[in-house]
Amino acid sequence: MNLHQLETLYWLAQLQNYQRVADKLRLSQPAISARINTLEETLGALLIDRSKAHFSLTDQGYDVVQYAERMLDLRDSMVRKISEPDSERNRLRIAAASLSVMTLAPRLFDTLAQRFPNLICDVISASDHQLAQHIEAGSVDVAFLSNAPPTVQVSKLFTVHYEIRWIAHRDLIAPGRKTYRVEDLKRLPIIHYPRTSPLFPMTEAYLGETQLSAASRHSANSLGTIVQMLKQRMGIAAIPAIAVAEEIEAGELAVLPAEQPLRVLKVRCAYANMARRELIDTLAEMAGEAAMAYCAENPQWTRFVPGE
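Residues numbered from 1 in each chain as written. Predicted model: local features only at pLDDT ≥ 70, side-chain atom pairs only at ≥ 80, totals over all residues. Heavy atoms only, no water.

**A look at the sheet that holds strand β3 (residues 142–146)**
Ordered in space as β2-β1-β3-β10-β4-β11, the six strands form an open sheet in which the pairing is mixed. Of all the strands in the sheet, just β2 (120–126) and β11 (302–306) have a single pairing partner and so form its edges. Along the sheet, successive strands turn relative to each other by an average axial angle of 20 degrees, direction set aside. Bridge count between strand β4 (residues 158–162) and β11: five bridges; the pairing is antiparallel. Its bridge partner lying in β11, valine 160 is registered against phenylalanine 304. (Pairing = 2+ DSSP bridges. Helix = DSSP H or I, 4+ residues; strand = E, 2+ residues; numbered from the N terminus. Axes fitted to C-alpha atoms, helices over the stretch in contact; angles between N-to-C directions.)

**Let's talk about the packing of helix α2 (residues 18–25) against helix α3 (residues 29–43)**
Helix-helix packing is described using two parameters, namely the angle between the two axes and the distance between the axes. One way to put it is that α2 packs onto α3 with a least axis distance of 8 Å and a crossing angle of 100 degrees. By the angle between their directions, the pair α2 and α3 is classed as roughly perpendicular. Side by side, α2 and α3 meet where Tyr18, Gln19, Val21, Ala22 and Leu25 of the first sit next to Gln29, Ile32, Ser33 and Arg35 of the second. The residue makeup of the contact of α2 with α3, split by class, is five nonpolar, three polar and one charged. (Parallel < 35°, antiparallel > 145°, perpendicular 65-115°, else oblique. Contact = heavy atoms within 4.5 Å. Nonpolar A, V, L, I, M, F, W, Y, C, P; charged D, E, K, R; others polar.)

**Digging into empty space enclosed by the protein**
Considering all chains together, one arrives at two cavities of 30 Å³ or more under this definition. Estimated volume of the largest cavity: approximately 120 Å³. Forming the boundary of the largest cavity are Ile94, Ala96, Ser100, Val101, Leu104, Ala105, Leu108, Phe109, Val123, Phe144 and Ala287. Among the elements of the structure, β1 (91–97), α6 (98–103) and α7 (105–115) are those that each provide at least two residues to the lining of the largest cavity. Per element, the largest residue contribution to the lining of the largest cavity is three residues, and it comes from α7. Tallied by class, residues from the lining of the largest cavity come to 10 nonpolar, one polar and no charged. The volume enclosed by the second largest cavity comes to roughly 40 Å³. Trp166, Ile190, Ile191, His192, Tyr193, Leu199, Phe200, Thr203, Ala237 and Ala238 together form the lining of the second largest cavity. For the lining of the second largest cavity, a count of residues per class yields eight nonpolar, two polar and no charged. (1 Å grid on protein atoms, 1.4 Å probe; cavity = no way out; pocket = protein on both sides within 12 Å on 5 of 7 lines; lining within 4 Å. Points joined across faces, edges and corners; volume = space filled by probe spheres on them.)

Here's what the structure looks like:
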């Protein structure tokens, strides 16, 4: 087994066509097939489901593709570091949950640009589950994740607590309704995060749902998409209220007066490349200052907790 074979499988999973992969890798189609066959023989497992008319990976094929992506990321990171050492020292790769990008990042990046004008910052924003793969591949220097414990001790640890509220379009809220019990919420259409999100178990435990209810149950992996679905009156959602603070203030969206409160979502530095200790410590200190200032400006929906 080698990286060429894994790269071939990765691109086959993306493009789902042998000839397209052959064109991309500048190989013949038989060479692509030979690489896949050899990889399957080495692993002793079928990776492509050839019983179907359309391209499809087997379950084991999906698993191998995930590992292949991480290994290719690690290879690319190594090549950049060795071939461009000077530029690598002036580059910082930050993985960040979307909420931290929306709230803390603008102030932090302004400060970074002033203090380190030659520093290039690459930001990867995705779900915590996807960002964890970048951490495992060693392709990022620091990661700000949701509800994840820190794996290293940086000098300026801090956590931002985001208040989670049930949010709905104003048209979905019953006039004069003072309190929504859990049973009342269950009867409404709900927009969930997917199971890989740290918010999913929070809302699942809150509602105690083990099967689908009579009302619609939607799912979206993007906070921005969920906000748009709320605006389209597609349902209610338990999200960080700060994400829709402007819409709440304008009266377009509103906080449902739920009888039982939800837990807070915690965002913190969960991973750091300590081989770059000096820069990481400086970044953590600056991020803490940005977070503290942001929370001071938005005390209703956020709270800064030092040392957590």
